[in-house]
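# Understanding the architecture of this molecule
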Amino acid sequence: MATVQLTAKSFDSTIKQGVVLLDFWASWCGPCRAFAPIFEAAAVRHPDVVFAKVNTEEEPGLASAFGIRAIPTLAVLRDGVLLAVQPGMVQARGLDELVKKVRALDMDEVQKSIAAPTSASARARGA
């Protein structure tokens, strides 16, 4: 599968299910241009994963929502849950390992760990 261009309009439908890797980039960014073929080749190796590119110049709202301060930055989501944000280039082997680890996650456990702090803080407030 090839990479897809992600916009604010397509964001919700793109990230809601499965493994999604977002590449935040800009055309003037040299490291972004160097990372692009690595990211695109990984998309071919992992056709069941969505590899989406977010042009920070065209989608400043998305970049802001993810707190992007440097590019390239890679964001990793699964089933709509943000798992990691990694600034800088990632080599091919690193992308493959990342995909493997994200696939192996028990999302029920991840969801429980997300809910647990909320429940604990509610108990602390006496709710």
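Scope of this entry: the structure provided in the associated data block. The structure displayed is predicted, hence computed values, not measured ones.

## Notes on the sheet that holds strand E2 (residues 19-25)
Pairing within the open sheet is mixed, and its 5 strands lie in the order E1-E3-E2-E4-E5. At either end of the open sheet lies a strand with only one pairing partner, and these are strand E1 (4-5) and strand E5 (81-87). Across the face of the sheet, helix H1 (residues 8-15) comes into contact with E1, E2, strand E3 (50-55) and strand E4 (73-78) while running at roughly 155 degrees to E2. Against the sheet, helix H4 (residues 92-104) touches E2, E3, E4 and E5, its axis set at about 25 degrees to E4.

## Some words on the pattern of salt bridges
The full count for this structure, using the stated rule, is 5 salt bridges. A salt bridge links Asp-48 to Arg-103, with the nearest nitrogen and oxygen atoms 2.6 Å apart. Here Asp-48, found in the loop between helix H2 (30-45) and E3, pairs with Arg-103, found in helix H4; they are 55 residues apart in sequence, far enough to count as distant. By relative accessible area, which is 53% here, Asp-48 ends up exposed. Relative accessible area serves as the criterion here: at 36%, Arg-103 is assigned to the partly exposed category. The partner of Lys-112 in a salt bridge is Glu-109, with the nearest N and O atoms 3.6 Å apart. Here the residue Lys-112 and the residue Glu-109 both occupy positions in helix H5 (residues 107-124), the gap between them amounting to 3 residues, near one helical turn.

Scoring rules and cut-offs
- Residues numbered from 1 in each chain as written.
- Predicted model: local features only at pLDDT ≥ 70, side-chain atom pairs only at ≥ 80, totals over all residues.
- Heavy atoms only, no water.
- Pairing = 2+ DSSP bridges.
- Helix = DSSP H or I, 4+ residues; strand = E, 2+ residues; numbered from the N terminus.
- Contact = heavy atoms within 4.5 Å.
- Axes fitted to C-alpha atoms, helices over the stretch in contact; angles between N-to-C directions.
- Salt bridge = Lys/Arg side-chain N within 4 Å of Asp/Glu carboxyl O.
- Buried < 20%, exposed > 50% of the residue type's maximum accessible area, 1.4 Å probe, protein only.

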